[in-house]
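Chains, contacts and geometry: an overview
The residues making up each chain are set out below.
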Amino acid sequence: MRNITLTTLSVFILLLGISISFVNKAYGSHDVDVAALQKQLVTMQETLMQKMGTMEETIKGQQVMINDLKEQNRKVVEIPMPNYKDDIDTETSDFQEIIGREIDNYFLKEDTKEKMAKAGLTPKLDFGYEKGFYLRTLDDKFSVNLRNRIQFKYQYRDVEWGEEDQSTFDHRRVRTELSGHAYDENIKYKFEWESSSVYGYLLDAYVDITHVPWANIWAGQGKVYSRQVLTSGATLQMIDRSVSSEEFSFQGDKRKRGVAIHSDKILDGKVDYLFGVYNPQASFVDNDFNTMLYIARASYYPFGQYESYKESDMEYTETFKAHIGGGMGFQQWGTNSSSSSSSLLDFKDEVDQTQLLAEFGFKYKGMSLSGEYHNRKRKLLDALELFNVFDAPGLGAIDKGEALHDQGFFVQGGYFAIPKKLEVTGRCELIDVDEEYNASATVGIGSGDANYYTAGLNYFLDGRDHKVQLNYRYIDQKEGSHSRSLGSVQNEIIMQYQLYF
C-alpha cells in the first residue's frame with residue numbers, strides 16, 4: 001500500500017515538472033525559475049515520504065494492539081462455560097472471577113442505577129453507609145441519614161466534706177439522629193432523641209432553609225448561644241462541657257424553640273452570624289411569659305474557616321487557623337401573679353436578664369486552644385419575694401431595681417502527642433456569682449464561687465466517632481452550694497467510651 005502511494009505521488013510530481021518545462025519553453029521563461037520550482041517539488045516529495053513513514057509506524061503499533069486484544073478475547077472465549085449442575089469453585093474459577101469483575105464494574109458506573117430504575121428493574125432509591133446509614137431518591141429530592149451514638153461512662157467522686165463518695169456506671173448519652181433534606185437539597189432537617197433515661201425525649205427538631213447563602217432561615221428546636229454549647233457532644237475535647245457554659249445557659253436549658261436567620265458564607269466564609277428569637281423558658285414547655293428571648297452572635301475567621309465547632313485538632317490543621325467571636329442575649333421573664341404550678345416554692349416577679357459572651361480559639365498541627373467569657377446581669381423590675389402556698393413573704397427578699405452580676409470563664413486546650421491518635425488535654429474555669437445576696441435570693445441557679453481544674457487523655461480508635469476519654473477534675477467550691485456542700489473540695493475521675501455510627 002505504501003509503495004503504490006509513493007509511486008503515484010512520484011509520477012504526479014514528475015509529470016508536473018515536465019508540464020512546467022514545456023510551458024516555460026513556450027513562453028520563454030527563464031531556466032533559473034524552472035530550477036527553483038523543481039527544487040521545491042523535490043522537497044515536497046521528501047516531506048511526503050517522511051510523513052508516510054510516520055503513518056506506517058503508527059499503523060504497525062495499532063496492529064500490535066489489535067492483535068493483543070484478539071489474543072485476550074481468545075483466552076476469554078476458551079474458558080469453558082460451566083454447566084449449572086457443575087460444582088464450581090468460586091475461589092479458583094477464572095470464569096467466576098471475570099464475570100464477577102465485569103458485574104462489579106457495571107454496577108459502579110454512575111448511571112447504572114438510574115438506567116435500571118428507568119427500566120423498572122430497581123426501586124428509585126439509593127442506599128448505603130456514609131457517616132451513617134443513608135437512603136435517598138435518585139433525583140436527590142429527598143434523603144434521610146440515620147446515626148446512633150452511645151457514650152458509656154464510669155465516674156468516681158471523692159468528696160472531702162459533706163457527701164459520701166460515689167462510684168457508678170452510667171450512660172452519658174444514648175442518641176438517635178435523623179437528618180437530611182426534603183423536596184429540595186436546600187431544605188434541610190434534623191431530629192434527635194435521647195434514650196438514656198427511663199422516658200426518651202426529643203432534643204432537636206428543626207428545619208434549615210439555605211436557598212439564600214447569606215440569609216439561611218432556621219426554625220424549630222435546637223441548641224443556642226455559645227460555641228461550646230453549639231458543639232456536638234460527640235466532638236467535645238473533654239467528657240463534659242465546661243460548668244460555666246452550663247451555668248450561663250438561659251433558664252438552665254441549652255435548647256430553645258424559635259426562629260433564626262444565620263449564615264457562614266459572609267466575606268468568603270470569614271464571618272458567620274446568627275440572630276434569633278426564642279421562647280425564654282425551657283425547650284420542653286410552652287411559653288406563658290408573653291415575652292421572648294433574643295440572641296445575636298457572630299464570629300470572625302481572619303485566616304479562613306476551619307473546624308472551629310469541633311474541639312481538638314483531629315484534622316491536624318496544616319496552617320494556623322483562628323477565630324474570635326461574641327454574642328448577646330436578652331430576655332424578660334417571671335410573672336406578677338402567683339404561679340400556676342403546683343410547686344411549693346417559686347418566683348413570681350419579673351426579671352430583666354442580659355448576657356454577654358466573648359469567644360476565641362485556634363488550631364495548628366495537632367494543637368488547639370479555646371475559651372469563653374460570660375457576663376450576666378439580672379435586674380429586678382419588682383421586689384423579689386419567695387412565696388409558698390400560704391402566699392407568705394419568703395426569706396432573702398431583694399428590693400426593686402436591684403441587680404445581680406455574675407460572670408464566668410474557661411480556657412481549655414489540647415495537643416496530640418501521637419498525631420490523630422493520643423491527645424493530652426487540660427481546662428481551667430471559674431464561676432463568680434454575686435456575693436451581695438445569699439443563694440436563696442439569687443434568681444435562677446443560685447450558687448457560690450467555684451474553681452474547676454480538669455486534665456485528660458483522649459485516645460481516638462477511629463477518628464472522633466470511636467474514642468476513649470479519661471478526665472480528672474478537681475473542684476474547689478469557695479462558698480455557697482453549687483449543688484454541693486458549703487466549702488466542699490471534691491475530686492472526680494471520669495472515663496468514657498464513645499461509639500458513633
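Now for a quick tour of the structure. (Residues numbered from 1 in each chain as written. Predicted model: local features only at pLDDT ≥ 70, side-chain atom pairs only at ≥ 80, totals over all residues. Heavy atoms only, no water.)

**Overview of the overall build of the protein chain**
Condition: Each helix corresponds to a stretch of at least 4 residues labelled H or I by DSSP, and each strand to a stretch of at least 2 residues labelled E; elements are numbered beginning at the N terminus. For every residue, the accessible area obtained with a 1.4 Å probe (protein chains only) is divided by the maximum for its type, and the residue is called buried under 20%, exposed over 50%, and partly exposed between those limits. Any pair of residues with heavy atoms lying within 4.5 Å of one another is described as a contacting pair. Only the protein chains shown count as covering a residue, and every accessible area follows the Shrake-Rupley method with a 1.4 Å probe.
Along the protein chain, the regular secondary structure elements total six helices and 20 strands. Every one of the 501 residues in the protein chain was classed for burial, and the buried ones make up 37%. Counting contacts in the protein chain only where the partners sit at least 6 residues apart, residues at least 24 apart contribute 59% of the total. For the protein chain, the accessible surface area stands at approximately 28900 Å², while carbon and sulfur atoms represent 60% of it.

**Description of unusual backbone geometry**
Positioned with a positive phi, Lys131 is a non-glycine residue whose angle comes to about 55°. Mapped onto the fold, Lys131 is located in the loop between β1 (125–129) and β2 (133–137). Given a relative accessible area of 53%, Lys131 falls into the exposed group. The phi torsion at Asp140 lies on the positive side, around 60°, for a residue other than glycine. Within the fold, Asp140 resides in the loop between β2 and β3 (143–159). On the accessibility criterion, Asp140 (31% relative accessible area) is partly exposed.

**Some thoughts on the pattern of salt bridges**
Short version of the rule: Any carboxyl oxygen of Asp or Glu within 4 Å of a side-chain nitrogen of Lys or Arg constitutes a salt bridge here.
Tallying each qualifying case throughout the model produces 23 salt bridges. For Asp204, the salt bridge identified is with Arg255, shortest N-O distance 2.8 Å. One end of the pair, Asp204, is in strand β6 (residues 201–209); the other, Arg255, is in strand β8 (residues 255–266), with 51 residues separating them in the sequence. For the salt bridge of Lys254 with Glu246, the shortest nitrogen-to-oxygen distance reads 3.4 Å. You can call Lys254 buried: its relative accessible area is 19%. The exposure class assigned to Glu246 is partly exposed, which follows from its relative accessible area of 28%. Where salt bridges share partners, they join Arg149, Arg175, Glu177, Lys190, Glu192, Glu194, Asp204 and Arg255 into one cluster.

**Things to note about empty space enclosed by the protein**
Keep this limit in mind: Two kinds of site are reported from a 1 Å grid over the protein atoms alone, namely cavities, where a 1.4 Å probe fits but cannot get out, and pockets, open sets with protein on both sides within 12 Å along at least five of seven lines, and residues are called lining when an atom falls within 4 Å of a point. Grid points are joined across faces, edges and corners, and a volume is the space filled by probe spheres set on the points. Any residue that is not Ala, Val, Leu, Ile, Met, Phe, Trp, Tyr, Cys, Pro, Asp, Glu, Lys or Arg is counted as polar, Gly included; the first ten are nonpolar and the last four charged.
Counting across every chain of the model gives four cavities of 30 Å³ or more. What the largest cavity holds in volume is close to 180 Å³. Lining the largest cavity are 22 residues, and of these Ser308, Glu311, His323, Leu369 and Ser370 sit closest to its centre. Contributing elements (two or more residues each) for the lining of the largest cavity: α5 (227–230), β13 (351–364), β14 (367–380) and β16 (403–418). In terms of residue class, the lining of the largest cavity is built from five nonpolar, 11 polar and six charged.

**Comments concerning the nonpolar core**
Spelled out, the test is: Here, nonpolar core means buried Ala, Val, Leu, Ile, Met, Phe, Trp, Tyr and Cys residues that are tied together by side-chain atoms lying within 4.5 Å of each other.
Judged by nonpolar contacts, Trp218, Val224, Tyr225, Phe250, Ala260, Tyr278, Leu293, Ile295 and Leu357 together constitute the single largest core of nine residues. Discounting residues that sit within four places of it in the chain, Val224 has contacts with Val229, Leu230, Lys254, Lys256, Tyr278 and Ile295. Among the nonpolar cores identified, the runner-up in size contains six residues, and Val243, Val433, Ala450 and Ile475 belong to it.

So yeah, pure geometry; function would need other evidence.
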